[in-house]
Amino acid sequence: MKSVKVLTKKSFEFEDQDFKRGEPKSMIPSTEESAKTFMEIITLVEKLSEDSDLDDQGLLRLLDYLDDGQNATAVRAHLTELAHQRRMAVYGNRVFLRGLIEISNYCKRNCVYCGIRAGNPNADRYRLRTDQVLESCRTGYDLGYRTFVLQGGEDPTHTDVFLTSLVRQIRDAFPECAITLSLGERSRESYQALYDAGADRYLLRHESAEEHFYQRFHPGMRLEDRKKCLEDLKDIGYQVGAGFMVGLPGQDNTVLVEDLRYLKTLDPHMIGIGPFIPHHETPLAEQASGSVDKTVDLLAILRLMIPKVLLPATTALGSLHATGRELGIRAGANVVMPNLSPLEVREKYDLYDGKICTGDEAAECRQCIQKRIENTGFAVDMARGDHPDWRN
């Protein structure tokens, strides 16, 4: 295996001005904020709702205010309510459940935040056999799932021959179900072969639309390659998912504005965002976790910017806050992905510390999340849940 560059925790001790670009953050008084300023921010939220967009300065001002504004709580409530109204207009109160199957924690990449990175010698590695994946799908199908999400690291043994055979067997066994893949960067030819074999969707977070920020956390990788993969996937005909992590060290609102602008331009079918949570075997082990509030704010903003998007309330949200997924659903999220992986490998797919639902049986997890969703005032939908514009 090719050696990977050793990065230390010291490498990620950020100064306050790291990755500050553009105009400085507005200095809004914390105790004498004017009603005029508050109304200007409310006007921005209304414009975002009406136009499904703001210019970059408007997005930056809104994010800054949500961080520091005296009446940020009131703005956040209004933003969340408008996002809720938008999701109700497009999808109603449905929350789609997808069955997640984590097929391998081998990965050739060395992303510095990830617990299954190539540079972690203490990761307990595994890869599922074809029969184990099919059995997980059978378990999920019997529980009502009609979408299976196959997620894994960039495992060098997962060749096109292996993966296309696996996808075909799932397609033959469960012809009415959607097959989603989340297996990292591959060639266009590989993506095409997997699509031809029966895959419907592909999730590939862009991670960061700011090149220098992207490179800092993804040694040996290039943002242009990541974007090219997403373009290829859309061109082939997949329902495509992108997204990013919230709260990585040094990530300020100018970085997030670039992410929002990139997603608005890409117009993916799905967007996955969740808070950064450190893993003890990475260079970021001592860094603070991302903010649940900020993640939920961004979910609401994305619901308004891209109204038809399928928007998960991620496991990371639920891992960081007891009702994190419910908060995300109230702010416009409409997808949850319970785990169907075999119990004996759940804890080994260890992306970050404190991951929830590693010890629940699939049926128990399904019942638990349905009850939580219904208690929040929404309804579980076990259908495929395709994007409204896919193949239309």
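**Remarks on unusual backbone geometry**
Turning to step 1, where the next piece is worked out: Even without glycine at this site, Ser-52 takes up a positive phi of about 55 degrees.
Turning to step 2, where the next piece is worked out: For Ser-52, the location among the structural elements is in the loop between helix H1 (35-51) and helix H2 (56-68).
Turning to step 3, where the next piece is worked out: Judged by its relative accessible area of 13%, Ser-52 is buried.
Turning to step 4, where the next piece is worked out: Phi is positive for Cys-357, close to 65 degrees, though the residue is something other than glycine.

**What to know about the pairing of strand E7 (residues 270-275)**
Turning to step 1, where the next piece is worked out: Most of E7 sits inside the fold, with six of its six residues counted as buried.
Turning to step 2, where the next piece is worked out: By the alternation rule, side chains of E7 split into Met-270, Gly-272 and Gly-274 and Ile-271, Ile-273 and Pro-275, which are all buried.
Turning to step 3, where the next piece is worked out: The sheet contact formed by strand E6 (residues 239-246) and E7 spans six bridges and is parallel. Opposite Val-246, over in E7, you have Pro-275 as the bridge partner.
Turning to step 4, where the next piece is worked out: In this fold, the crossover linking E6 to E7 by way of helix H9 (residues 253-266) has right-handed handedness.

**Quick word on the packing of aromatic side chains**
Turning to step 1, where the next piece is worked out: Counting across every chain of the model gives seven aromatic pairs.
Turning to step 2, where the next piece is worked out: Linked through ring pairs, Tyr-191, Tyr-195, Tyr-202 and Tyr-238 together constitute an aromatic cluster.
Turning to step 3, where the next piece is worked out: Directly above the ring of Tyr-106 sits Arg-127, whose terminal nitrogen or CZ lies 3.8 Å from the centroid.
Turning to step 4, where the next piece is worked out: Here Arg-146 stacks its cationic end above the ring of Tyr-141, 3.6 Å away from the centre of that ring.

**Re the side chain of Thr-164**
Turning to step 1, where the next piece is worked out: With respect to the helices, strands and loops of the structure, Thr-164 is situated in helix H5 (residues 160-173).
Turning to step 2, where the next piece is worked out: Here Thr-164 falls in the buried class, since its relative accessible area comes to 9%.
Turning to step 3, where the next piece is worked out: Sequence-distant contacts of Thr-164, defined by excluding residues within four places in its chain, comprise Ala-193, Leu-194 and Ala-197.

Conventions we followed
Here, residues in each chain are numbered from 1, in the same order as that chain's written sequence. Owing to the predicted nature of the model, reporting of local features is limited to residues with pLDDT of at least 70; listing and counting of side-chain atom pairs is limited to 80 or more, with chain, interface and lining totals taken over all residues. Think of the side-chain values as coming from all heavy atoms in the structure, minus any hydrogens and water. Put simply, DSSP H or I for four residues or longer makes a helix, DSSP E for two residues or longer makes a strand, and each gets a number counted from the N terminus. For every residue, the accessible area (1.4 Å probe, protein chains only) is compared with the maximum for its type, and the residue is labelled buried under 20%, exposed over 50%, or partly exposed between those bounds. Pairing between two strands requires that DSSP report at least two bridges joining them. Every crossover in which the path from the first strand over the helix to the second runs clockwise, viewed with the strands pointing away from the viewer, is termed right-handed. Centres within 6.5 Å make a pair out of two Phe, Tyr or Trp rings, where for Trp the six-membered ring is used; the pair is then stacked when the planes are under 30 degrees apart, edge-to-face when over 60, and tilted otherwise. A positively charged side chain is recorded as over a ring if its NZ (Lys) or CZ (Arg) lies within 6 Å of the ring centre. The angle to the ring normal must also be within 35 degrees. Residue contacts are counted whenever heavy atoms from the two residues lie within 4.5 Å of one another.

By themselves, these observations are geometric and do not establish any function.
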